[in-house]
Amino acid sequence: MAKYLVTGGAGFIGSHLVKTLVGRGDEVRVLDNFETGKRSNLVEVEGQIELREVDLRDAGGVREACEGVDYVLHEAALPSVPRSVKEPRPSHETNVDGTFNVLEGARLAGVKRVVYAASSSAYGNQPGFPRVETMRPQPVSPYAVQKLTGELYMQSYWQVYGLETVCLRYFNIFGPCQDPSSTYSGVMAKFAMQMLCGEQPTIFGDGEQGRDFTYIDNVVSANLLAMKAPATFVAGRVFNIACGERHTLNETYSGLARLLSYALPAQYGPEREGDVRDSLAEVSAARAAFGYEPQIDFAEGLRRTVDWYRQKYAPREEQT
Ligand code: UD1
């Protein structure tokens, strides 16, 4: 039985990974500072995990959390492009210094492999679709720079110290447990919640920007595969993790509205600063290196997500 450390284990993506690992009998330690993570995401595995309330910026705490661990899944981050535009320092400290602390902790503790939650934002606004890992990164927002810096550190630690690292560039992940309540929430969670509450969502820009929205289960399987693949195929490398489909915000809005029987049209506001116009991934590198296949497509992911939000947040009378 392997021992895993999941940083950000109480967050949206981290908690899905934790539950999957516990479900298959692995030993799991969770590190989270609960700034954006939620204890409620881990209720199903209460008593079955070791929980460390540690901030990523606490080098000593992170170092200790790496002791005795075989694999690290580094999901902890201060996410959101607009948050990083508004307040770049806190997200820099968490996303860059924090990632450095994880690598140092893993190196000193003799961890076998670190799989890192990288971001599609690294590609920026350059021409050329789909995005392929060989393209030169052109990050726009501070968040994109921070996540890319983490990738470079991952690659350095493989080349210099021989610590096996794998970077997975996530493309707009969505699904159950994504927090809908913050101004910085991912658009899918935010719109679903607003529609359920009878509020009118705002689309920033003309709504024709596209995203390769990726259902959470695909990310979980990518992590498990990348963790186990032979080092010769994955160590020191970067892989896109996505569905390989582009959907516009207007289309996403209509899909959610249809599933939720929501009748109001979207309101339109100014384009968001630091936003990338389009995003679409080529996933053949991950397929070739570790057999990644997106199992749940956009339409099915949307249905599952809406079902979850409806169950969790719909007014009581609607549930009876
Ligand atoms: C970006 C990254 C993604 C990363 C995420 C972390 C890209 C292409 N993607 O997502 O890989 O995981 O940051 O936070 O860079 N929007 C609205 N109305 C709202 C909220 C958002 O119209 O109320 C729009 C945004 O302007 C954007 C799109 O929806 O065009 C998606 O926004 P969001 O869900 O915040 O994700 P990205 O910034 O695309």
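Read on for a plain summary of the structure. (Residues numbered from 1 in each chain as written. Predicted model: local features only at pLDDT ≥ 70, side-chain atom pairs only at ≥ 80, totals over all residues. Heavy atoms only, no water.)

1. Overview of the site of the ligand
Here's step 1: Near the ligand lie 21 residues; those nearest to it are Val-187, Phe-204, Arg-211, Arg-272 and Asp-275.
Here's step 2: In the model, an oxygen atom of the ligand is placed 2.7 Å from a nitrogen or oxygen of the Arg-272 side chain.
Here's step 3: Taken by itself the ligand offers 750 Å² of open surface, and the protein chains cover 92% of this.
Here's step 4: Counting only elements with at least two residues in the shell around the ligand, the list comes to helix H6 (187–196) and strand E8 (202–204).
Here's step 5: When residues of the shell around the ligand are assigned to domains, at least three fall in each of domain 1 (3–172 + 214–241) and domain 2 (187–211 + 245–278 + 297–319). (Near = heavy atom within 4 Å. Polar contact = N/O pair within 3.5 Å; in protein donor to acceptor, adjacent residues only side chain to side chain. Areas by Shrake-Rupley, 256 points an atom, 1.4 Å probe, with all protein chains shown as cover. Helix = DSSP H or I, 4+ residues; strand = E, 2+ residues; numbered from the N terminus. Domains from an automatic or database assignment.)

2. Quick word on the side chain of Asp-278
Here's step 1: By the secondary structure assignment, Asp-278 is in the loop between strand E13 (267–269) and helix H10 (284–290).
Here's step 2: Judged by its relative accessible area of 16%, Asp-278 is buried.
Here's step 3: Separated by 2.8 Å, the side chain of Asp-278 and the backbone nitrogen of Gly-210 make a polar contact.
Here's step 4: Among the polar contacts listed, one links the side chain of Asp-278 to the side chain of Arg-246, at a separation of 2.7 Å.
Here's step 5: Each residue touching Asp-278, except ones within four places of it in the same chain, is listed here: Phe-129, Arg-131, Glu-208, Gln-209, Gly-210, Arg-211 and Arg-246. (Buried < 20%, exposed > 50% of the residue type's maximum accessible area, 1.4 Å probe, protein only. Contact = heavy atoms within 4.5 Å.)

3. So, the sheet that holds strand E3 (residues 50–53)
Here's step 1: Taken together, the seven strands give an open sheet; going across it, the order is E3-E2-E1-E4-E5-E6-E11, and neighbouring strands pair in parallel fashion. Taken across any chain shown, the strands that pair with only one partner, and hence form the sheet edges, are E3 and strand E11 (237–241). Going from strand to strand, the sheet's axes swing by 20 degrees on average, the running direction of each strand aside.
Here's step 2: Alignment of strand E1 (residues 3–7) against strand E4 (residues 71–74), held across four bridges, turns out to be parallel. Across the sheet, residue Leu-5 finds its bridge partner in E4, namely Val-72.
Here's step 3: Its contacts with the sheet put helix H2 (residues 59–66) on E1, strand E2 (27–32) and E3, and the angle it makes with E2 is roughly 175 degrees. (Pairing = 2+ DSSP bridges. Axes fitted to C-alpha atoms, helices over the stretch in contact; angles between N-to-C directions.)

4. Considerations on unusual backbone geometry
Across residues other than glycine, the phi torsion is negative in most instances, and most of the peptide bonds are trans.
Here's step 1: Look at the link from Phe-129 to Pro-130: it is a cis peptide, with omega at -5 degrees.
Here's step 2: Following the sequence through the fold, Pro-130 ends up in the loop between strand E5 (113–119) and helix H5 (142–161).
Here's step 3: Positive phi is not limited to glycine here, since Phe-34 has a value of about 60 degrees.
Here's step 4: Positioned with a positive phi, Asn-172 is a non-glycine residue whose angle comes to about 35 degrees.

5. What about the environment of Tyr-215?
Here's step 1: Structurally, Tyr-215 is set in strand E10 (residues 214–215).
Here's step 2: A sequence separation of 164 residues divides Tyr-215 from Leu-51, and the C-alpha atoms of the two residues are 26 Å apart.
Here's step 3: Those residues within four positions of Tyr-215 in sequence are excluded, and the remaining contacts are Phe-174, Gly-175, Pro-176, Ile-296, Gly-301, Arg-304 and Thr-305.

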